[in-house]
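# Geometric and topological summary
Residue strings, one per chain:
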Amino acid sequence: MRRIHVGNALSAFGLGFTVPYLYVYVAQVRGLGALTAGMVLAVFAVAALIVLPFAGRAIVRRGPLPVLLAALVTAALGALSLGLASTSAAVLLSAAALGAGQAVMQPALATVIVDCSTTETRSRAFAMQFFLQNLGLGVGGLIGGHLVDTSRVSSFTLLFAIEAAVFLLLVVVMATVRIPHAPKVEDAPASAKGGWKRLLGNRAMVQLCVLGFVLFFACYGQFESGLSAYGVEAAGISTSALGTALAANTAMIVVAQFAVLKFVERRRRSRVIAAVGLVWAVAWLAAGYAGLGHGSQEMATAAFVSTYALFGLGEAMLSPTVAPLVADLAPSGLAGQYNSAFALVKQLALAVGPAVGGPMGAALHAPYIVTFLLFSLAISVLAIRLGSRLTEVQDQPWRTRSRVVQRGGAQADAVTADA
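The paragraphs below set out a description of the structure included in this document.

Rules and cut-offs
- Residues numbered from 1 in each chain as written.
- Predicted model: local features only at pLDDT ≥ 70, side-chain atom pairs only at ≥ 80, totals over all residues.
- Heavy atoms only, no water.
- Helix = DSSP H or I, 4+ residues; strand = E, 2+ residues; numbered from the N terminus.
- Buried < 20%, exposed > 50% of the residue type's maximum accessible area, 1.4 Å probe, protein only.
- Salt bridge = Lys/Arg side-chain N within 4 Å of Asp/Glu carboxyl O.
- Contact = heavy atoms within 4.5 Å.
- Phe/Tyr/Trp six-rings, centres within 6.5 Å; stacked < 30°, edge-to-face > 60°.

Right, let's get into the environment of Asp115. Tracing the backbone through its elements, the reader meets Asp115 in helix α5 (residues 88-115). The class for Asp115 is buried, based on a relative accessible area of 18%. Considering only alpha carbons, one finds Asp115 and Ala327, 212 residues apart in sequence, at a separation of 9.6 Å.

The final tally for this structure, using the stated rule, is two salt bridges. Where Arg268 meets Asp395, a salt bridge forms, and the shortest distance between an N and an O atom there is 3.2 Å. A residue pair is termed long-range when its members are at least 10 positions apart, and Arg268 in the loop between α11 (239-264) and α12 (269-292) and Asp395 in helix α17 (residues 392-395) qualify at 127 residues. Classification of Arg268 as partly exposed rests on a relative accessible area of 32%. With relative accessibility at 2%, the residue Asp395 sits in the buried group.

With that settled, consider the side chain of Gln257. Within the element layout of this structure, Gln257 appears in helix α11. Apart from residues no more than four positions distant in its own chain, Gln257 is found in contact with Ala127, Phe130, Phe131, Met252, Ala316, Ser319 and Pro320.

Counted under the stated rule, the structure contains 16 aromatic pairs. Aromatic side chains Phe213 and Phe217 sit 5.9 Å apart centroid to centroid with 10° between the ring planes, which places their arrangement in the stacked category. With Phe213 and Phe217 both in helix α9 (residues 203-218) and four residues apart, the pair spans about one turn of that helix. Look at Phe213 and you get partly exposed, because its relative accessible area is 28%.

If you want it as structure tokens, here you go:
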């Protein structure tokens, strides 16, 4: 598990190293224009949507580790070629390889974590994963920003070469991992076979996917699109204040993650997700005050930064809750399929979110806030409805563990008395 967490931090570091600078690199440094740069960002989403339906089946058939290694090699080749590409076609093909590799990493890493953890340790493992992801992204973005120089193509070539080297280093680290035997599809009971058909027949998983879409659409899909546009246009937020807001989001996650973990570990998962909806509703109210209130610019900036911090608090509550729930809903041997399906839902939300939120945030300020306030409240409603479909083990696994311990203790006492 330690190797997995090191690998997770490295992958996040590699992404944070280059992703924030893709637009500038393609549009300005390579001189290919804003249209090509926009197409590159779209290719990332399209590549993910294409490969993820097949990734789950591959993880089930071959195991998560070989799929992860293949994804890392593909991403490394994509990063290296992107740093050397000088034409639109080469840039788009390289971006497709990098985007496909990055997309497959997510469910493969999640499945490795599932295979190397127990129900008792899974929430903490996913909380650590999310903590290291944000730390890696932040550190990678900070270092990458000091290395690049828009007047020198070679500085960006170096940046992408380092990213490729990080992915290859991760190949070496993950190749040393020896995961416990995870049942493949041929080992699973007959009822577990059937892939997507089986998944779509699982009502609880379908409801979780709908809930996941709303979660990612209402939060992650707005971070760098609708919400930032709203902040600039409606609240008059400066670019430096926007950077402070993003830093507040990361800082909240890093500082609060493990304190929040102690709180959520003993709560129903469905109630925790419902609470996240309420926290994010407060965040949207703060954003509404920032742009629609009549306070000073300082108050508007403080409210806007608070919005991002509250989103970070909700994210910290979700990280030890949603991913373990996906794993617990999966039949034996199909964790990879379920993780890939949920990653696909996330990518769909991240593709639709900016397309809807961007124009609204820039021009329709009040409708934008009201719309996403309602989406946040819908999260709470959907979470409560999901809770009615979950078993006790799925919704509150800690209680089942406590009963097993008590039963074991009682049996031990009985044996001692007989002796």
